[in-house]
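Commentary on secondary and tertiary structure
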Amino acid sequence: MVTNITNFGRSGLSDWLMQRISAVILLAYTLFMVGFFLLNPNLDYAAWSALFQCTLMRIFSLLALLSLAAHAWIGLWTVSTDYMKATGVRLVFQAVVALGLFAYVVWGVQVLWGA
Amino acid sequence: MLQVSVYRYNPETDKAPYMQDFEIDTKGKDLMVLDVLALVKEKDNGMAYRRSCREGVCGSDGMNMNGKNGLACVTPLSEVVKGGKLVLRPLPGLPVIRDLVVDMSLFYQQYERIKPFLINDTPAPAIERLQTPEERDKLDGLYECILCACCSTSCPSFWWNPDKFVGPSGLLQAYRFLIDSRDTATRERLADLDDPFSVFRCRGIMNCVSVCPKGLNPTRAIGHIRDMLLANAT
Ligand code: SF4
Ligand code: SF4
Ligand code: FES
């Protein structure tokens, strides 16, 4: 068996499944957002902030954010193991991606629960 | 006259590979590409390529003809020649030994890895292990593979990770043993495939299906393996 330590889950199967599930969640979130914008053509700050006052919306948004991070990590990890043959380059790339995604998640939580 | 451009490389004398042009007189016949190669060899005896059965059975003359992998012996000129020109290259992605001959070690290593033989830990019956016709039917479309490597060497995932991704040919064979009713090592076989590379590097672009000279469908087999992994894990 080929072994790995930097992939997302425990196995290729879990990565693959996570990639599919996160894609579905992101699709649902996107559709919801598009629908919301269509139903509220004259969107103002009050309506927008009211939407995010709702805990359910915050949870949904966090879920989408985590899905985005997982999806991006699995995808970019795959790309890096396909095309970056020098270990140093690959490691630096993976570190930058991981740090970036981590920062986005923390920042996202701050935005969602901050105001 | 047919313009034939052939990939030449002799590591003992050439610093780098180059393309050599030949004018071949096909006498207006729709020859097989392998016949054309024989005519090329008449002009240049040093030209190296593999062939054996010359009827699509042995799998030794897989090569890249006008950009598409296939068996030279069963590919008529009318199928590949565009604008009176034929470009012959070795199978992509594998090290070239000489001219159109490639080193297939990586391909065979992946084949070896999937344990291409029946494993059965139950006591052997007196005569043979029987299979129902239905059980036997499941092997159709799988056992016919002649290991020509046309599929795996047309697969980008195999190009990037030939040491880790089993490749379409190996996976087709992996599935052939996974669903054989006489094999009892299903779990062990699945466990050996459940990493991010062996199976899951397949991106489903189906290059393998489009080139298989036997009309087999590795992508479908890979999908079945994925389903089995999923069923096994949940
Ligand atoms: S379908 Fe999968 S195995 Fe076939 S060529 Fe594409 S990536 Fe390779
Ligand atoms: S699946 Fe088809 S293309 Fe691939 S090795 Fe077997 S016969 Fe050749
Ligand atoms: S020579 Fe045997 S398959 Fe072409």
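In the nomenclature of an unreviewed UniProt entry, chain B corresponds to Succinate dehydrogenase iron-sulfur subunit from the organism Marinospirillum alkaliphilum DSM 21637. We quote the UniProt Catalytic activity (unreviewed entry) comment for chain B here in full: "a quinone + succinate = fumarate + a quinol". Listed in UniProt under the heading Function (unreviewed entry), the comment for chain B reads: "Two distinct, membrane-bound, FAD-containing enzymes are responsible for the catalysis of fumarate and succinate interconversion; the fumarate reductase is used in anaerobic growth, and the succinate dehydrogenase is used in aerobic growth."

If you look chain A up in an unreviewed UniProt entry, it shows as Succinate dehydrogenase hydrophobic membrane anchor subunit from Marinospirillum alkaliphilum DSM 21637. As recorded by UniProt, the Function (unreviewed entry) comment attached to chain A reads in full: "Membrane-anchoring subunit of succinate dehydrogenase (SDH)." According to the UniProt record, the Subcellular location (unreviewed entry) comment for chain A reads "Cell inner membrane".

Looking at the site of ligand 1
The local shell around ligand 1 holds 13 residues, among which Cys155, Cys202, Ile205, Met206 and Cys208 of chain B are the closest. Residue composition of the shell around ligand 1, by class: 8 nonpolar, 4 polar and 1 charged.

Looking at the site of ligand 2
Residues and elements named next belong to chain B. Neighbouring residues of ligand 2: Cys145, Ile146, Leu147, Cys148, Ala149, Cys150, Cys151, Ser169, Leu172, Cys212, Pro213 and Lys214. Mapping ligand 2 onto the cavity grids shows that it belongs to the largest cavity. Tallied by class, the residues present in the shell around ligand 2 amount to 10 nonpolar, 1 polar and 1 charged.

Regarding the interface of chain A and chain B
Taken together, the 15 residues of chain A in the interface contact 18 residues of chain B. Approximately 1500 Å² of surface area, both sides summed, lies buried where chain A meets chain B, with 64% of it carried by carbon and sulfur atoms. Here chain A is connected to chain B by 1 salt bridge. A salt bridge links Arg201 of chain B to Asp82 of chain A; its shortest N-O distance comes to 2.8 Å. Counting the contacts that link chain A with chain B gives 10 residue pairs in polar contact (both at pLDDT 80 or more). Within the residue set of the side of chain A that touches chain B, elements represented by two or more residues are α1 (12–39) and α3 (55–83) of chain A. Here the element with the most residues in the side of chain A that touches chain B is α3 of chain A; it accounts for 5 residues.

Let's talk about the nonpolar core
Within soluble globular proteins, side chains that are nonpolar generally end up buried alongside one another. Core analysis: the biggest nonpolar cluster contains 34 residues, and Leu171, Tyr175, Leu193, Val199 and Ile225 of chain B have the highest contact counts within it. Counting only elements with at least two residues in this core, the list comes to α1 of chain A together with α6 (167–178), α7 (186–193) and α9 (218–233) of chain B. Tallying contributions element by element places α6 of chain B first for this core, with 5 residues. Taken domain by domain, the makeup of this core includes at least three residues from each of domain 1 (2–102) and domain 2 (105–233) of chain B. When residues no more than four places from it in sequence are discounted, the contact partners of Leu171 of chain B are Phe165, Val166, Leu193, Ser198, Val199, Ile222 and Ile225 of chain B.

Remarks on the side chain of Arg189 of chain B
On the secondary structure map, Arg189 of chain B appears in helix α7. Those residues in contact with Arg189 of chain B, other than ones at most four positions away along the chain, are Ile114, Lys115, Phe117, Leu118, Ile119, Phe177, Leu178 and Asp183 of chain B.

Focus on the UniProt feature "transmembrane region" (unreviewed entry) in chain A
Residues and elements named next belong to chain A. Within the UniProt annotation, "transmembrane region" (unreviewed entry) is assigned to residues 21–39, 59–79 and 91–113. The distance separating the terminal C-alpha atoms of residues 21–39 is 27 Å; by composition the span is 100% helix and 0% strand. Secondary structure over residues 59–79 splits into 100% helix and 0% strand, and the C-alpha atoms at its two ends are 30 Å apart.

Section: the pairing of strand β3 (residues 62–65) of chain B
Residues and elements named next belong to chain B. Judged by which residues are buried, β3 turns out to be covered on both faces: Gly62 and Asn64 on one side and Met63 and Met65 on the other are all buried. Two strands pair when backbone bridges link them, and β3 and strand β4 (residues 68–71) are joined in this way by 4 bridges, in the antiparallel orientation. Across the sheet, the residue bridging to Met65 is Lys68, located in β4. The hairpin formed by β3 and β4 contains 2 residues between the paired strands, and Asn66 there has a positive phi angle of roughly 45°. Bridge count for β3 against strand β5 (residues 85–89) is 2 bridges, and the pairing is antiparallel. Its bridge partner lying in β5, Asn64 is registered against Arg89.

Describing the domain arrangement of chain B
Residue and element names in this part refer to chain B. We note that the domain assignment places domain 1 (2–102) and domain 2 (105–233) within chain B. Computed over C-alpha atoms, the centres of domain 1 and domain 2 are 29 Å apart. Interface area for domain 1 against domain 2, summed over the two sides, is near 1000 Å², with a carbon-plus-sulfur share of 66%. The tally of links between domain 1 and domain 2 comes to 4 residue pairs in polar contact (both at pLDDT 80 or more). It is β4 that provides the largest number of residues to the side of domain 1 that touches domain 2, a total of 4 residues. When its residues are assigned to classes, the side of domain 1 that touches domain 2 shows 6 nonpolar, 6 polar and 1 charged.

Calculation notes
Residues numbered from 1 in each chain as written. Chains lettered and ligands numbered in written order. Predicted model: local features only at pLDDT ≥ 70, side-chain atom pairs only at ≥ 80, totals over all residues. Heavy atoms only, no water. UniProt positions renumbered as here; feature names shortened; annotations may be inferred. Near = heavy atom within 4 Å. Nonpolar A, V, L, I, M, F, W, Y, C, P; charged D, E, K, R; others polar. 1 Å grid on protein atoms, 1.4 Å probe; cavity = no way out; pocket = protein on both sides within 12 Å on 5 of 7 lines; lining within 4 Å. Sits in = over half its atoms within 2 Å of the grid points. Contact = heavy atoms within 4.5 Å. Buried area = accessible area lost by both parts, 1.4 Å probe. Salt bridge = Lys/Arg side-chain N within 4 Å of Asp/Glu carboxyl O. Polar contact = N/O pair within 3.5 Å; in protein donor to acceptor, adjacent residues only side chain to side chain. Helix = DSSP H or I, 4+ residues; strand = E, 2+ residues; numbered from the N terminus. Core = buried A, V, L, I, M, F, W, Y, C linked by side-chain atoms within 4.5 Å. Buried < 20%, exposed > 50% of the residue type's maximum accessible area, 1.4 Å probe, protein only. Domains from an automatic or database assignment. Pairing = 2+ DSSP bridges.

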